[in-house]
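Listed here are the chains, written in short residue letters.
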Amino acid sequence: MSEPSAGDPGALAARLAALPDEQLLAVLVVATAGRDKLNPLYEAATGLLSETGQRAPSPDVIPGTPSVPGYGPTPGSGSSSQVGGDIGTTAGQAAGVAGSAGGYSRSGVPTFGSVRDKVERRIGTAFGARTLDRQSPAGRGADEQWEAREQAARERLAQIRTSLHEGEGEGS
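What you are looking at is a predicted structure, and each value in this text was computed from that prediction instead of being measured. (Residues numbered from 1 in each chain as written. Predicted model: local features only at pLDDT ≥ 70, side-chain atom pairs only at ≥ 80, totals over all residues. Heavy atoms only, no water.)

A few words now on helix α3 (residues 39-51). Between its terminal C-alpha atoms α3 stretches 18 Å, which fits the 18 Å expected from 13 residues at 1.5 Å a residue. Tyr42, Ala45, Thr46 and Leu49 are the residues of α3 that are buried. Seen from one end, α3 has its buried residues packed into an arc of 95°, which puts them on one side. Exposed and facing more than 90 degrees away from the buried side of α3 are Pro40 and Glu51. For α3, the secondary structure elements touched by its buried residues are α2 (21-32). Downstream of α3 by one or two residues, glycine 53 has phi in the positive range, about 90°. (Helix = DSSP H or I, 4+ residues; strand = E, 2+ residues; numbered from the N terminus. Expected span 1.5 Å × (residues − 1). Buried < 20%, exposed > 50% of the residue type's maximum accessible area, 1.4 Å probe, protein only. Arc of directions from axis to C-beta. Contact = heavy atoms within 4.5 Å.)

Turning to the pattern of salt bridges, a few remarks are in order. Counting across every chain of the model gives two salt bridges. One salt bridge in this structure joins arginine 116 and aspartate 117, with 3.9 Å as the shortest N-O distance. Classification of arginine 116 as partly exposed rests on a relative accessible area of 43%. Residue classification places aspartate 117 among the buried positions, given a relative accessible area of 14%. Here glutamate 150 ties to arginine 154 by a salt bridge, and the two come within 3.9 Å at their closest N and O atoms. Of this pair, glutamate 150 and arginine 154 both sit in helix α6 (residues 137-171), four residues apart, which is roughly one turn of the helix. Judged by its relative accessible area of 31%, glutamate 150 falls in the partly exposed class. (Salt bridge = Lys/Arg side-chain N within 4 Å of Asp/Glu carboxyl O.)

Printed below as a string of structure tokens:
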């Protein structure tokens, strides 16, 4: 009989069944974190894990994620050069992830919240810059030039259509 493939649910179940209790509980904590319907399972797994003396893994980072040298916070700084201190995070977000500093986990992986905040900040900046550009004299001038070109193009198109219709009438 052949070995089950990695995508086979039976193979996954067999691998999970082979894990020691503490590791299986850690997997359950990470897999059920943030899923409302699975919250009772999450609470039970974190409770059982704490009874064994193990600390529940942070749900935003897979346990055993290797740190990449040169990426993430520098040792002792508490934050990276990109995200300083608590910029982009609130006290509640920082408290929500054990050991997070400046939007990074202890292992240097950015949290989903910090990435979302950074993207939202960049989008806001882009829309704000666009609005300010249109309100400036140069921006208004560019808009007026665009409208003038559009009007000239519409007038020229109307002239071409008129001349085509006049040419059709003469040829009959």
